[in-house]
Amino acid sequence: MNNFDLRKYLAEGRLLKEEMKLYIVGDDVELQAPSGEYSAFIEDGKVSFSVVYEDEDDRDGEEFDEDNWKDILGPKHAFVETANKIPTEVEAMDDYVMITVYLEDLKNIVQLA
């Protein structure tokens with residue numbers, strides 16, 4: 001993300017710094033948000049966070065797919081909020097959702113701890 005993009009996000013109130021914190025130690029990354037804590041490793045400048053809902057009640061009996069994962073997780077989930085702010089690759093199937101983002105993009109929208 002370049003400085004122009006960051007200014008645009010700031011102007012639109014698109015930063016999540018009050019809601020999410022990012023911890024980086026070496027190649028390990030942890031994202032803490034009201035919806036949970038998610039761990040990842042830095043690989044080629046990207047990080048991938050995942051969540052598994054084994055209990056069908058947690059996802060209203062539905063299986064995740066590329067079209068419904070945001071609806072099931074809800075608008076305040078860290079993955080949904082992140083995907084709404086920066087470019088995000090998503091893999092969603094059955095009881096599993098994984099998002100992959102560039103670490104530099106993520107660092108621009110969350111609070112660094």
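Above this text sits the structure in question.
None of the values given here were measured: they were computed from a predicted structure.

**Q** How do you make sense of the packing of aromatic side chains when you look at a structure like this?
**A** Aromatic rings considered in pairs are described by the distance between their centres and by the relative angle of their planes. Using the criterion set out here, one finds two aromatic pairs in the structure. Both rings, one in Tyr38 and one in Phe79, keep their centres 4.8 Å apart while their planes meet at 55 degrees; by these two values the pair is tilted. Of this pair, Tyr38 sits in strand 3 (residues 36–41) while Phe79 sits in helix 3 (residues 78–83); the two residues are 41 residues apart in sequence, bridging distant segments of the chain. In this structure, Tyr38 and Phe79 share a single accessibility class: buried.

**Q** I tried to follow the nonpolar core on my own but got confused; where do I start?
**A** Buried together is how nonpolar side chains tend to be arranged in soluble globular proteins. Residues Phe49, Trp69, Phe79 and Leu106 are the most contacted members of the largest nonpolar core, which totals 27 residues. Contributing elements (two or more residues each) for this core: strand 2 (28–33), strand 3, strand 4 (46–52), helix 2 (69–73), helix 3, strand 6 (96–102) and helix 4 (103–109). For this core, the element with the most residues is helix 3, which contributes four residues. With residues up to four places along the chain from it excluded, the contact list for Trp69 reads Phe64, Phe79, Val80, Ala83, Val90, Ala92, Val97 and Ile99.

Each value, and the rule that gives it
Residues numbered from 1 in each chain as written. Predicted model: local features only at pLDDT ≥ 70, side-chain atom pairs only at ≥ 80, totals over all residues. Heavy atoms only, no water. Phe/Tyr/Trp six-rings, centres within 6.5 Å; stacked < 30°, edge-to-face > 60°. Helix = DSSP H or I, 4+ residues; strand = E, 2+ residues; numbered from the N terminus. Buried < 20%, exposed > 50% of the residue type's maximum accessible area, 1.4 Å probe, protein only. Core = buried A, V, L, I, M, F, W, Y, C linked by side-chain atoms within 4.5 Å. Contact = heavy atoms within 4.5 Å.

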